[in-house]
Amino acid sequence: MNLCDRSAIEALLRRHGFRFSKSLGQNFLIEDWVPRQIAGACGADASCGVLEIGPGIGPLTYELCQRAGRVAAVELDTALLPILSETMAGCENFRLVPGDILQLNIPALAAEELGGLRPLVCANLPYHITTPILTALVEAGCFESITVMIQKEVAERIAAAPGPEYGAFSVFMQYHTEPRVLFEVPRECFLPAPKVTSAVLHCPVRPAPAVSPRCGEAFFFRTVRAAFAQRRKTLINSLSSAFGDRLDKGELREAVISCGLPETVRGERLGLAEFAALSDALADRISGE
């Protein structure tokens, strides 16, 4: 069965009495070049085990199974389980895991299902939970790379350089991975068609974080979140909301200027190295109270 043929998909879904769920963000692919290119982009081969999230009826799953040593697909919608049992029946290296990826122990799942293989993630993610899923996958700390199809605008923000499109989640992803947008996927490639264009984002996981602030990761990200909490304000004013109980405006100004930054700068203009320097400067002033 061609899992991207619209007529075949509709017949399959009718036979199983399946109805699309808006709350689960279900959009099935109807262009076979898309899953083929996504699977190729993730770099899977026989030495790899791939975790997929939200396989739908399995077009990307099938392509992954042709390349990887093993594929474990986590599916929340129980109505899709019998459909996947049918469409993936010929793939002996496939394992279906019913459940919610955000409720599972991801490192334990990867060890159990992909143990002994190089672990990768490759998935067409539901748009409405992209950020929590990516956060969970990164924080699991057990994958070599994460390749996902997500909303184009979100993909571009994740990979953005400092500027208007850049934010706290951009910093988080760039701290842990090296994200880049590979290609766009038009809305006409899906059934039903979403309202937005999609894009494929490839994120090789860094062997070590991009920067190593002396103050530690927790304080570094506290500084990053503070810098973006009030985007329209200057960095000093944004930092004042988070650190004002420990440092006055003058001390915050000194910290910013000590990093070679103008006092009128906004948080969206700082790269990772500048955030590391700033978080260390703030931590030094707090510890020296």
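Placed above this text is the structure.
In what follows, the accompanying structure is described. Fair warning: this is a prediction, and the values are worked out from it, not measured in the lab.

1. Focus on unusual backbone geometry
Then, in step 1: Looking along the chain, the bond that leaves Leu191 and enters Pro192 is cis, with omega of -15°.
Then, in step 2: Within the secondary structure, Pro192 is located in the loop between strand E8 (190–191) and strand E9 (198–204).

2. Here we look at the layout of surface pockets
Then, in step 1: Put simply, the largest pocket is a space of about 500 Å³.
Then, in step 2: Elements supplying a minimum of two residues to the lining of the largest pocket: strand E1 (28–29), strand E2 (48–53), helix H3 (59–65) and strand E3 (70–75).
Then, in step 3: For the lining of the largest pocket, the residue count by class is 19 nonpolar, 9 polar and 3 charged.
Then, in step 4: Here the second largest pocket defines a volume of roughly 280 Å³.

3. A few points about the packing of aromatic side chains
Then, in step 1: According to the stated counting rule, one finds 12 aromatic pairs in the structure shown.
Then, in step 2: Their ring planes at 55° and their centres at 5.9 Å tell us that Phe172 and Phe221 sit as a pair that is tilted. In this pair, Phe172 sits in helix H8 (residues 168–176) while Phe221 sits in helix H9 (residues 217–229), placing the two residues 49 residues apart along the sequence. As far as burial versus exposure is concerned, Phe172 and Phe221 are alike and both buried.
Then, in step 3: Taken together, Phe169, Phe172, Tyr175, Phe220 and Phe221 form an aromatic cluster joined through their ring pairs.

4. Structural notes on the sheet that holds strand E7 (residues 180–185)
Then, in step 1: Read across the sheet, 7 strands follow the order E4-E3-E2-E5-E6-E9-E7 without closing on themselves; strand pairing throughout is mixed. Where the open sheet ends on each side, the last strands, each with one partner, are strand E4 (94–98) and E7. Between one strand and the next, the sheet's axes are offset by a mean angle of 20°, whatever the strand orientation.
Then, in step 2: Pairing of E2 with E3, which is carried by 5 bridges, proceeds in the parallel orientation. Residue Gly49 lies in a different strand from E3, and its bridge partner there is Arg70.
Then, in step 3: Along the sheet face, helix H5 (residues 106–114) touches E2, E3, E4 and strand E5 (118–124) and points at about 140° away from the line of E3.
Then, in step 4: Contacts from helix H7 (residues 152–159) reach strand E6 (145–151), E7 and E9, with the element oriented near 135° to E6.

5. Quick word on the side chain of Asn93
Then, in step 1: Within the secondary structure, Asn93 sits in the loop between helix H4 (81–87) and E4.
Then, in step 2: Among the residues examined, Asn93 registers a relative accessible area of 19% and is labelled buried.
Then, in step 3: Polar contacts involving the side chain of Asn93 include one to the main-chain carbonyl oxygen of Cys65, which spans 3.0 Å.
Then, in step 4: In this structure, Asn93 is in contact with Cys65, Ala68, Gly69, Arg70 and Val71, ignoring residues within four places of it in sequence.

6. Some words on the environment of Ala161
Then, in step 1: Note on placement: Ala161 falls in the loop between H7 and H8.
Then, in step 2: A relative accessible area of 56% places Ala161 in the exposed class.
Then, in step 3: Separated by 75 residues in sequence, Ala161 and Ile236 have C-alpha atoms that sit 21 Å apart.

7. As for empty space enclosed by the protein
Then, in step 1: Under the counting rule described, the total for this entry stands at 1 cavity of 30 Å³ or more.
Then, in step 2: Within this model, the largest cavity holds a volume of roughly 30 Å³.
Then, in step 3: Residue lining of the largest cavity: Leu51, Ala72, Ile106, Leu109, Ala110, Glu113, Leu114 and Phe143, and that is the complete set.
Then, in step 4: Its residues placed into classes, the lining of the largest cavity shows 7 nonpolar, no polar and 1 charged.

8. Some remarks on the pairing of E3
Then, in step 1: Within E3, 5 of the 6 residues are buried, which leaves the element mostly enclosed by the surrounding structure.
Then, in step 2: After leaving E2, the chain enters H3 and then returns to the sheet as E3, a path that is right-handed.
Then, in step 3: With 5 bridges joining them, E3 and E4 adopt parallel strand pairing. For Ala73, the partnering residue across the bridge sits in E4 and is Leu96.
Then, in step 4: This β-α-β element, E3 to H4 to E4, shows right-handed connectivity.

9. Observations concerning the environment of Ala8
Then, in step 1: The topology assignment puts Ala8 in helix H1 (residues 6–16).
Then, in step 2: Taking the relative accessible area as the measure of exposure, Ala8 reaches 22% and is therefore partly exposed.
Then, in step 3: Through-space distance from the C-alpha of Ala8 to that of Ile30 is 9.9 Å; in sequence the pair is 22 residues apart.
Then, in step 4: For Ala8, the residues in contact, after removing those within four places along its chain, are Met1 and Asn2.

Procedures and definitions
Residues numbered from 1 in each chain as written. Predicted model: local features only at pLDDT ≥ 70, side-chain atom pairs only at ≥ 80, totals over all residues. Heavy atoms only, no water. Helix = DSSP H or I, 4+ residues; strand = E, 2+ residues; numbered from the N terminus. 1 Å grid on protein atoms, 1.4 Å probe; cavity = no way out; pocket = protein on both sides within 12 Å on 5 of 7 lines; lining within 4 Å. Points joined across faces, edges and corners; volume = space filled by probe spheres on them. Nonpolar A, V, L, I, M, F, W, Y, C, P; charged D, E, K, R; others polar. Phe/Tyr/Trp six-rings, centres within 6.5 Å; stacked < 30°, edge-to-face > 60°. Buried < 20%, exposed > 50% of the residue type's maximum accessible area, 1.4 Å probe, protein only. Pairing = 2+ DSSP bridges. Axes fitted to C-alpha atoms, helices over the stretch in contact; angles between N-to-C directions. Contact = heavy atoms within 4.5 Å. Polar contact = N/O pair within 3.5 Å; in protein donor to acceptor, adjacent residues only side chain to side chain. Right-handed = clockwise from strand over helix to strand, strands pointing away.

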